[in-house]
Each structure stands twice: as C-alpha cells, then as structure tokens.
Number of protein chains: 4
Amino acid sequence: MLRPVSTPFSSLVVVRLGRTDSAGVWYFTEALDLAHEVFEEFLSSSGAPLHLFLAPGSVRLPIVHAEADFRAPVRCGDSLRVSLAITSCTKRSFSVVCDFQLLDGTPVASTRIVHAGAAASGSGSADLPESLLQALGALA
Amino acid sequence: MLRPVSTPFSSLVVVRLGRTDSAGVWYFTEALDLAHEVFEEFLSSSGAPLHLFLAPGSVRLPIVHAEADFRAPVRCGDSLRVSLAITSCTKRSFSVVCDFQLLDGTPVASTRIVHAGAAASGSGSADLPESLLQALGALA
Amino acid sequence: MLRPVSTPFSSLVVVRLGRTDSAGVWYFTEALDLAHEVFEEFLSSSGAPLHLFLAPGSVRLPIVHAEADFRAPVRCGDSLRVSLAITSCTKRSFSVVCDFQLLDGTPVASTRIVHAGAAASGSGSADLPESLLQALGALA
Amino acid sequence: MLRPVSTPFSSLVVVRLGRTDSAGVWYFTEALDLAHEVFEEFLSSSGAPLHLFLAPGSVRLPIVHAEADFRAPVRCGDSLRVSLAITSCTKRSFSVVCDFQLLDGTPVASTRIVHAGAAASGSGSADLPESLLQALGALA
C-alpha cells in the first residue's frame, strides 16, 4: 500500500438535460460518468492527463470495479460539488472515491471506481507508471 | 424475504460503436446501462413494463445502489449473452443481477442494481406494487 | 422575425473519455449533446434556466431539427471553445447555432438545433414564453 | 454516383429509459445514435461489420454531416420501426437515411448521416473499400 493522497480534489458540475431520464432525475449511470470526468480533470491538473495512457504502447488503466450509492434525487439544473480522493493505491491498482453533494451540503451520491494496470498488449497486469503514481499523490 | 425467481431471463445484445471509448473497449458505464435495458426487456416480457412505474401517482422504483465487475475487454461488434436474475426481493426492494458472457462463454462482466420502492411524492419509502412483485416472480 | 441576439455566448468544454469511441475520436452525437449543454449554460446565465420549461403546465420547447457538420477529428482531452448564437427567432421557434474550435482556432464542428414552442399538453404549437424571448435576447 | 441500394433494410428498436430525458421523451441525440446502431446492424448483415473499418491500417469512415427531424414525441417503452436506405453513394462518400415510425405507422423522426472515406493516417480523403461498396449495395 502506497501513501494515500493528502489533499482531496473537488470540482463543480451541473446536471444537464441529457443526463436525466423520464423519471425526472439523473439516470443512474451518470453519477459514475461524472465521477470519471472529475477524475480526468484531476489527472490533468496533476500533470498526467488520461490521454497519455491511451497512447499506443502505454500501460492501460482498465476499470475492474465500479459502484455507486444514491441517497437523494438529482434533477436537471442541479449543481453538484464533487469531492474526489484516491484511496487504496498499490503498485498495480488504485481506487477513485467521489462524494456528490448539492450546494447546500445535502449528500446525494457516492461512487468508487477501481482501476488496475494492464499490459499494453491487453493481456496480463502491469505496474502503474511512475508518472501516474506521482500524479495520484502516492509517491513522496 | 419473498420467493426468488426460479426462471432466469436472458437476452442477446451487441455492443455498438457509441458504447465504446478511445481505449478501444466498451465504456464502463455501458455494462450498467445494458443491464438496465435487459431489465426493462424482462419487465415487458413479464407483463409489467417499466413505463407503468413512471406514470403520475405510481410508486417509484429509484436505484439506491449499482455496481459492476469487469473481467475481460469487450469491443465494438461483440455479441454478449446477458443472464438476468432477480435476487433479494423484499416488500420494499429488490436486486437485479446480470452476468455478461461472450458467445463462446467467456465471462466479461457482472452487475448488480438495487431498486427500492419510493412514494410517488418522491419522499419516503413505499411497498412495491403487487403487479411488480408478480412480474418479478416473487409471488406464488 | 424578432431581433437576433447581438452578443454571442461562449464556453469552454473538455472532451472526456466517455464521449469518445473506438475510432479514437468523439462520437458524432456528442457535438450535439455538448451544444445543448452550452445552450443550457447560456439559458442559466440569461436568467431563464431550462428546468423552468420542464415544469408541469409550462410551454414545452421540443427540438424539431438538429444538424452537425464535422471538419476535423476531436480526441480525448481536447479543449474546445464553443461559440453560441441564437438565430432565426420567431414567436414560435428559434435556432441555436454553435461553432466548435480547438484552442488554436482550428474549426472542428458546427451545429444547429431548432426548438419550437409546444403546448404543455403535448399537442399543438404554442407561443414562446416572454421570459424565454427575453433570455434569448429577442426582445428589446 | 454509384447504384443506390434497391432493398431497404429495417429493424425494430425499443426506446429504453436511459434514452429519455426529464421532458418525458427521448433525448434528441438518441435518434441519431439509434440510426447508427441500425446502420451497424445493416453492415453486419451485409457481411462488412463496422469493426473491420476500425482496424489499424483500414480506410476510416468518419461522419462529416448528421441531421435529424422530429415529428412526434417518443416515450420510454415505445417500439419503433427503423427503415434504412443508403443514398447518394459515390466512390468517396455515402449517406445513410433512416425513417422512424411507431408500430401504428406514425412517423416520428428521420435522420441522415453522411460518411466519407478517410486515409488510415487520419489526414486526407480516400476511396471507400470495395468490400464496403459491395455491402452498401452500390456495386452490381
């Protein structure tokens, strides 16, 4: 287990019409999609944008597990504060945890997404690149 | 705890370009989206289509938890056999479990989505409608 | 024909992984989805957020036509400047035109989305609400 | 101009919750997404599945224009008959036209998507592969 990040990252998102469904709330997969968007924003701000890990020959970062809990409805136009933390970082995997709150502090959802390092060839696991560990805050 | 369904439901889906991402595989939220589509297909085939529970005044079925595990990459054009089962059905909630396999039997992903009954007003929990319990196979 | 808006609106968006496909570029519908998101941002900034027109009893604003032209590939992580203008505003319809450029000025796409006023009941056309015309800049 | 296809292709789709929005109808980009899904189904049935044109070194088929017209609302659970035809096929581009109808024949939407051949390198246009022209019905 490497060092957990000490400074959580946060971002503001607004739930737009295309993320809602005819039950009148955000469609459930959108919490996970927004969590991934905030993770990409975090990576960019940390100097290791995701597209580096999409290049041919790069170690890949497939998602091996994702989950979301929902506590209160979210509607079109709602602004959400998303707080992101990297947890459980090892040499070969890490978890991205996000908490979603309305601007009045009401918790509405939380997500956890687990990435693992995979060989560029697509088969077999691989150590996470040092540039990524640095960005995740797992290196001193 | 009511009776679990005895006859699992299954469906065939093909992963289309719009569900993939530039890592060359399906985007992770699509497993959950496809699981929900197969659940809707199951409900229709059981005589209780989802749109009945979107009507004004109906008990709502919000998702309170969703999770997915990924075992192997899925690419554009892959056909997947999705096997659905209703588990853990109580008077106020139920889980929809889906297993995804390539046509050669390779398991690629599994999902679990938990729905709870909620009052039409949007606040407070509610008993699941009898027509739904019937469709879920939870009534004799 | 009412007055066209004189001050175009612009916004910055970043194309995230979930909007790309396994051809390595953004999936074509995402240009239209992002255009609608920027339109929603414009409406909020103009004091008439879209959710006002989703409320029961409100005049609806269904889309009757949408189109997009693509000039250059857009990839995961690309930042885009989106310039929005309201054109062709009448009492019963208006067009939202967006131009997408990379930050170096390269034009990559343009979209046009036409909305029409519709009765709350869902059948028949309706005059656009004055609050909307004001927000669109079509009133003096 | 090559030969237009003589035998239109058709498919049945059901609009699921994830394609709807909180206005209670399908989100407008979903008509184009469904049209592309039916096009992929057509290509597979014609022996030239889309993933062949995603392989490294293959001529690419980027979309250069897309448009949709909407005539009537479509709701969660609606079944739609989608009729596809290939029009305007030249050596370097072709159009895919889809008409969407409810099962009672009510026309609800139509789409047109224009693809162009592009060099594998990503820059410059290219002739469409003969296998594709064959699949499109443009060769005798």
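Residues numbered from 1 in each chain as written. Chains lettered and ligands numbered in written order. Predicted model: local features only at pLDDT ≥ 70, side-chain atom pairs only at ≥ 80, totals over all residues. Heavy atoms only, no water.

Student: Describe the overall build of chain A, naming the residues involved and giving the relevant values.
Tutor: Of regular secondary structure, chain A possesses two helices and five strands. In chain A, the order of α-helices and β-strands from amino to carboxyl end is β-α-β-β-β-β-α. In summary, chain A has a C-alpha radius of gyration of 16 Å against a globular reference of 14 Å for 140 residues, a match within 12%. Seen along its three principal axes, the alpha-carbon backbone of chain A occupies a region of about 45 × 30 × 20 Å. Counting over 140 residues, chain A shows a buried share of 53%. Taking the intrachain contacts of chain A between residues at least 6 apart in sequence as the baseline, contacts between residues at least 24 apart amount to 64%. (Helix = DSSP H or I, 4+ residues; strand = E, 2+ residues; numbered from the N terminus. Rg over C-alpha atoms; globule rule 2.2 N^0.38 Å. Buried < 20%, exposed > 50% of the residue type's maximum accessible area, 1.4 Å probe, protein only. Contact = heavy atoms within 4.5 Å.)

Student: Residue-level account of the interface of chain A and chain B, with values.
Tutor: The interface of chain A with chain B comprises 19 residues on the first partner and 19 residues on the second. Summed over both sides, the interface of chain A with chain B buries roughly 1,800 Å², with 57% coming from carbon and sulfur. On the chain A side of the interface with chain B, the three residues burying the most area are A:Y27, A:F28 and A:F70, jointly 26% of the side's total. The interface formed by chain A and chain B includes zero salt bridges. Put simply, chain A and chain B have twelve residue pairs in polar contact (both at pLDDT 80 or more) between them. Among the secondary structure elements, those contributing two or more residues to the side of chain A that touches chain B are α1 (29–45) and β2 (63–70) of chain A. Looking at the side of chain A that touches chain B element by element, the count peaks at eight residues for β2(A). A breakdown of the residues in the side of chain A that touches chain B according to their chemical character gives eleven nonpolar, four polar and four charged. Here five bridges tie β2(A) to strand β2 (residues 63–70) of chain B, and the two strands are oriented antiparallel to one another. Bridge pairing in β2(B) links A:E67 to B:E67. (Buried area = accessible area lost by both parts, 1.4 Å probe. Salt bridge = Lys/Arg side-chain N within 4 Å of Asp/Glu carboxyl O. Polar contact = N/O pair within 3.5 Å; in protein donor to acceptor, adjacent residues only side chain to side chain. Nonpolar A, V, L, I, M, F, W, Y, C, P; charged D, E, K, R; others polar. Pairing = 2+ DSSP bridges.)

Student: With reference to specific residues and values, describe the packing of α1(A) against helix α1 (residues 29–45) of chain B.
Tutor: Helix packing for two helices is described by the angle between their axes and how far apart those axes are. One way to put it is that α1(A) packs onto α1(B) with a least axis distance of 9 Å and a crossing angle of 175°. Relative to α1(B), the element α1(A) is oriented roughly antiparallel. Judged by residue contacts, A:T29, A:L32 and A:D33 of α1(A) engage B:T29, B:L32 and B:D33 from α1(B). For the contact of α1(A) with α1(B), the per-class residue count stands at two nonpolar, two polar and two charged. (Axes fitted to C-alpha atoms, helices over the stretch in contact; angles between N-to-C directions. Parallel < 35°, antiparallel > 145°, perpendicular 65-115°, else oblique.)

Student: Account for the interface of chain C and chain B, with residues named and values stated.
Tutor: Taken together, the nine residues of chain C in the interface contact nine residues of chain B. Here chain C and chain B share zero salt bridges between them. Our enumeration of links across chain C and chain B arrives at four residue pairs in polar contact (both at pLDDT 80 or more). Here the residues of the side of chain C that touches chain B are counted per class, giving four nonpolar, four polar and one charged.

Student: Mind laying out the side chain of C:D21, listing which residues take part and the relevant values?
Tutor: Position of C:D21 among the secondary structure elements: in the loop between β1 (9–14) and α1 (29–45). D:R60 provides the closest opposite charge to the buried, salt-bridge-free C:D21, at an N-O distance of 6.5 Å. At a separation of 2.8 Å, a polar atom in the side chain of C:D21 contacts the main-chain amide nitrogen of C:A23. If sequence neighbours within four positions are ignored, C:D21 has contacts with B:L17, B:T20, B:D21, B:S22, C:W26 and C:Y27. (Lys, Arg positive; Asp, Glu negative; His and termini not counted.)

Student: I'd love a proper account of the relation of the copies chain C and chain B, names of residues and values included.
Tutor: Superposition of chain C onto chain B requires a rotation of 180° combined with a translation of 0.0 Å along the rotation axis, giving an RMSD of 0.0 Å. Within this description, the copies of the chain are treated as partners about a two-fold rotation axis. Every residue of chain C has its C-alpha some distance from the rotation axis, and the shortest such distance is that of C:D21, at 1.9 Å. Taken together, the interface assignments show that 100% of the residues at the interface of chain C recur at the interface of chain B, consistent with an identical surface on both copies. (Least-squares fit on C-alpha atoms with pLDDT ≥ 70 in both.)

Student: Residue-level account of the relation of the copies chain A and chain B, with values.
Tutor: For the pair chain A and chain B, the best superposition has an RMSD of 0.0 Å and corresponds to a rotation of 180° with a translation of 0.0 Å parallel to the axis. Looking at the interface residues of chain A, 100% of them are also at the interface in chain B, so both copies use one shared face.

Student: Quick one: what's the story with the nonpolar core, residue by residue and with numbers?
Tutor: Membership of the largest hydrophobic core comes to 89 residues, with the highest contact counts inside it found for C:W26, C:F100, D:W26 and D:F100. The next biggest cluster of nonpolar side chains, apart from the first, holds 87 residues, and it includes A:L34, A:A48, A:L133 and B:L132. (Core = buried A, V, L, I, M, F, W, Y, C linked by side-chain atoms within 4.5 Å.)

Student: Before we move on, can you summarise the side chain of D:T29 with the specific residues and values?
Tutor: Here D:T29 lies in helix α1 (residues 29–45). Setting aside anything within four residues of it in sequence, one finds D:T29 in contact with C:T29, C:L32 and C:D33.

Student: Pulling in residues and values, what's your account of the packing of aromatic side chains?
Tutor: Overall, the coordinates contain 24 aromatic pairs over all chains when judged by the stated rule. Residues B:W26 and B:F100 carry aromatic rings whose centres are separated by 5.7 Å and whose planes lie at 75° to one another, so their mutual orientation is edge-to-face. Of this pair, B:W26 sits in the loop between β1 (9–14) and α1 while B:F100 sits in strand β4 (residues 93–102), and the two are 74 residues apart along the sequence. The class of B:W26 is buried, set by a relative accessible area of 5%. An aromatic cluster is present here, built from A:F9, A:F39, A:F42 and A:F94 joined pairwise through their rings. (Phe/Tyr/Trp six-rings, centres within 6.5 Å; stacked < 30°, edge-to-face > 60°.)

Student: Outline the confidence of the model for chain A, supporting the account with residue identities and numerical values.
Tutor: Mean pLDDT over chain A: 93, with 94% of residues reaching 70 or higher. Reported confidences for the modelled complex are a pTM of 0.96 and an ipTM of 0.94. (pLDDT = per-residue confidence, 0-100.)

Student: Could you give me a rundown of the pattern of salt bridges, with the residues and numbers involved?
Tutor: Tallying each qualifying case throughout the model produces 20 salt bridges over all chains. Residues B:R19 and B:D33 are paired through a salt bridge, measuring 2.7 Å at the closest nitrogen-oxygen approach. Here the residue B:R19 occupies a position in the loop between β1 and α1, and B:D33 occupies one in helix α1, the gap between them amounting to 14 residues. Take B:D33: its relative accessible area is 12%, and that puts it in the buried class. A salt bridge links D:E67 to D:R112; the shortest N-O distance between them is 3.1 Å. Here the residue D:E67 occupies a position in strand β2 (residues 63–70), and D:R112 occupies one in strand β5 (residues 107–116), the gap between them amounting to 45 residues. Salt bridges linked by common partners bring A:R19, A:E30, A:D33 and A:E37 together as one network.

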